[in-house]
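Residue strings, one per chain:
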Amino acid sequence: MDRIRIRGGKPLEGSIPISGAKNATLPLMAAALLHDGPLTLTNAPDLADIATMAALLRQHGLEVVHDKVARTLTLSGAATNLEAPYDIVRKMRASVLVLGPLVARHGRARVSLPGGCAIGTRPVDLHIKGLEQLGAEIELTAGYIEARAPQGLKGARILFPQVSVGATENLLMAAVLAEGETELVNAAREPEIADLAMCLMRMGARIEGIGTDRLRIEGGHSLNAATHPIVPDRIEAGTYACAAAITGGQLHLDGARLDHLGAVARVLRESGVDVAETNSGLMVTRRNGLRGADVMTEPFPGFATDMQAQFMALMTVAEGASMITETIFENRFMHVPELMRMGARINFHGSSAIVRGVPKLSGAPVMATDLRASVSLVLAGLAAEGETIVNRVYHLDRGYEHVEQKLASVGADIERLPA
């Protein structure tokens, strides 16, 4: 397995282009199942998870062309195979997003249960209950979700008992082809969901309430081919904002949007980091010391769970103490022991961690456990004295496009070491 070597202590200066959002691209790709297309997605990132979703859609029967030079994804054709097999779904939980489009368009689907993952279980019960309210008959058998709607789906009012990004996306796509009106109440409000809704509108869907927690979909209208630009990745932007802050540097994040950062921007400012809008992105600067700040992960516009590990890395070198509470996923503190190997002072119990800042971190060999934990160790390595080796960096390739090249371009001493 590849490793990444970092020699820390260099303030980062320059510009980093923010790629298209992974968490937006995956549901957008699944939306191609709703119509023969073509659906062309621009600003498409080159990531391992995108390749996994492309492989899944190809085995369903779609044609997927990823032009990495033009940064476009073009998807076309109708599904001829309605099963999403375990061997692919187990690699990426977002694969379950094919369930809604398949049953809505073809009247049936067989999709593997995704199971658990390193950061904890993420059940699909809200996806299933919502589809049942739309009229689908569902059985769980032999590790698969078997969904049938031979008479088609019917619009319904669906109240989510808790906010779920994946369930909102799956049911939004299903509702576009359901007969009549569907209302999704307590829907997730993440920018990636608004992006999906805008794409569906370009395809001919009728949706109201975009950006709110109440989506109204007038289903049953014919769809058409469309071209849609993928929103910039707010998690990548937040990560590189932390990179500027932890190294005491200044970075322009080309294409980043302040309104998509939510509480992350506010907490960075509380910590002593300047985050300013420009004509083409965000300028992030830290010239003075860092201050500890408390965070609790929440659905958007709250502090994103996908930024928790990166912010914890930043707080390891901040003055004072910080309390970080994780409310979205259990078992999402696996980066803590690795940060402590580098000299961080962290005590954690259950869903909360107390971070007491230290004057400096020390380079060490560390092990990545999941996507966001991986990049938190890279951030720590950028600030640490000496050399840090981050092992098992295949996690990084799932969600960060060319991370070592982007960081090297702004002054980091970083390189990938082939296996």
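A quick note: this is a predicted structure, and the numbers were derived from the prediction, not measured.

Further remarks concern the sheet that holds strand E23 (residues 387-391). One open sheet holds the 4 strands; their spatial order is E22-E23-E1-E24, and the pairing between them is mixed. Pairing within the sheet leaves two strands with one partner each, and these edge strands are strand E22 (365-367) and strand E24 (413-417). Neighbouring strand axes in the sheet, compared pairwise and without regard to direction, differ in orientation by 20° on average. Here helix H13 (residues 371-383) sits on the sheet in contact with strand E1 (3-7), E22, E23 and E24, set at roughly 170° to E23.

Attention now goes to the packing of helix H8 (residues 234-247) against helix H11 (residues 308-315). For any two helices packed against each other, one specifies the crossing angle of their axes together with the interaxial distance. Interhelical geometry of H8 versus H11 gives an angle of 5° and a closest axis separation of 10 Å. Between H8 and H11, the interaxial angle falls into the category roughly parallel. Contact with H8, carried on its side by Ile-235, Thr-239, Cys-242, Ala-245 and Ile-246, involves Gln-310, Phe-311, Ala-313 and Leu-314 of H11 and no other residues of that element. Per-class residue counts for the contact of H8 with H11 are 7 nonpolar, 2 polar and no charged.

Here we come to the packing of aromatic side chains. All chains considered together, the criterion is met by 2 aromatic pairs. With 5.5 Å between their ring centres and 65° between their planes, Phe-303 and Phe-311 make a pair best called edge-to-face. Taken as a pair, Phe-303 and Phe-311 share a single burial class, namely buried. A cation over a ring is seen here: Arg-110 above Tyr-144, with NZ or CZ 3.8 Å from the ring centre.

Moving on: the nonpolar core. One finds Met-29, Leu-57, Leu-131, Leu-153, Leu-172, Leu-184 and Leu-200 to be the most contacted residues of the largest nonpolar core, which totals 78 residues. Grouped together as the second largest cluster of nonpolar side chains are 72 residues, Leu-339, Leu-382, Val-393 and Leu-407 included.

Position of Thr-305 among the secondary structure elements: in the loop between strand E18 (295-296) and H11. Those residues in contact with Thr-305, other than ones at most four positions away along the chain, are Thr-297, Glu-326, Ile-328, Phe-329 and Arg-332.

Here we come to helix H6 (residues 165-177). Burial within H6 is extensive, with 10 of its 13 residues counted as buried. All of the buried residues along H6 are Ala-167, Thr-168, Glu-169, Asn-170, Leu-171, Leu-172, Met-173, Ala-174, Ala-175 and Val-176. Where H6 begins, one side-chain oxygen reaches toward the backbone nitrogen of Ala-167, 3.1 Å away; that side chain belongs to Ser-164.

Checked against the element boundaries, Ser-19 lands in the loop between strand E2 (13-17) and helix H1 (22-31). A distance of 2.8 Å separates a polar atom in the side chain of Ser-19 from a polar atom in the side chain of Lys-406. Ignoring any residue separated from it by four or fewer positions in sequence, one finds Ser-19 in contact with Asn-43, Pro-45, Arg-71, Val-231, Pro-232, Asp-233, Glu-236, Glu-401 and Lys-406.

Pairing of strand E3 (residues 39-42) with strand E5 (residues 72-76) involves 4 bridges; the strand directions are antiparallel. Within E5, the residue paired with Thr-40 across the bridge is Thr-74. Here 4 bridges tie E3 to strand E14 (residues 226-229), and the two strands are oriented parallel to one another. Residue Leu-39 lies in a different strand from E14, and its bridge partner there is Ala-226.

Let's shift gears to the sheet that holds strand E13 (residues 214-219). Pairing between the strands of a sheet comes from backbone hydrogen bonds, and it takes one of two forms, parallel or antiparallel. Taken in spatial order, the 4 strands line up as E10-E11-E13-E12 in an open sheet, and their pairing is mixed. Two strands lie at the open edges of the sheet, namely strand E10 (157-159) and strand E12 (206-208), each paired on one side alone. Put simply, the sheet's adjacent strands are angled 15° from each other on average, direction ignored. Bridging between E10 and strand E11 (residues 180-185) involves 3 bridges; their strand directions are parallel. Looking at E11, one finds that Ile-158 is bridged to Leu-184. Sheet strands touched by H6: E10, E11, E12 and E13. Its angle to E13, the strand with the most contacts, is close to 25°.

Positionally, Thr-297 belongs in the loop between E18 and H11. For Thr-297, a relative accessible area of 0% translates into the label buried. A C-alpha to C-alpha distance of 5.6 Å links Thr-297 and Thr-327, two positions 30 residues apart in sequence.

In the segment running from Gly-37 into Pro-38, the intervening peptide bond is cis, with an omega of 5°. By the secondary structure assignment, Pro-38 is in the loop between H1 and E3. Following Phe-300, the chain continues to Pro-301 via a peptide bond in cis, the omega torsion being 10°. Within the chain, Ala-142 stands out as a residue other than glycine whose phi angle is a positive 55°. The topology assignment puts Ala-142 in the loop between strand E8 (137-141) and strand E9 (144-148). Residue Ala-142 is classed as exposed on the basis of its relative accessible area of 70%.

So, on to the environment of Thr-278. Looking at the element boundaries, Thr-278 is found in the loop between strand E16 (274-277) and strand E17 (281-285). A sequence separation of 243 residues divides Thr-278 from His-35, and the C-alpha atoms of the two residues are 38 Å apart. Leave out the neighbours within four places in its chain, and Thr-278 touches His-252 and Met-283. Polar side-chain contacts of Thr-278 include one of 2.7 Å to the side chain of His-252.

Analysis parameters
- Residues numbered from 1 in each chain as written.
- Predicted model: local features only at pLDDT ≥ 70, side-chain atom pairs only at ≥ 80, totals over all residues.
- Heavy atoms only, no water.
- Pairing = 2+ DSSP bridges.
- Helix = DSSP H or I, 4+ residues; strand = E, 2+ residues; numbered from the N terminus.
- Axes fitted to C-alpha atoms, helices over the stretch in contact; angles between N-to-C directions.
- Contact = heavy atoms within 4.5 Å.
- Parallel < 35°, antiparallel > 145°, perpendicular 65-115°, else oblique.
- Nonpolar A, V, L, I, M, F, W, Y, C, P; charged D, E, K, R; others polar.
- Phe/Tyr/Trp six-rings, centres within 6.5 Å; stacked < 30°, edge-to-face > 60°.
- Buried < 20%, exposed > 50% of the residue type's maximum accessible area, 1.4 Å probe, protein only.
- Lys NZ or Arg CZ within 6 Å of the ring centre and 35° of its normal.
- Core = buried A, V, L, I, M, F, W, Y, C linked by side-chain atoms within 4.5 Å.
- Polar contact = N/O pair within 3.5 Å; in protein donor to acceptor, adjacent residues only side chain to side chain.

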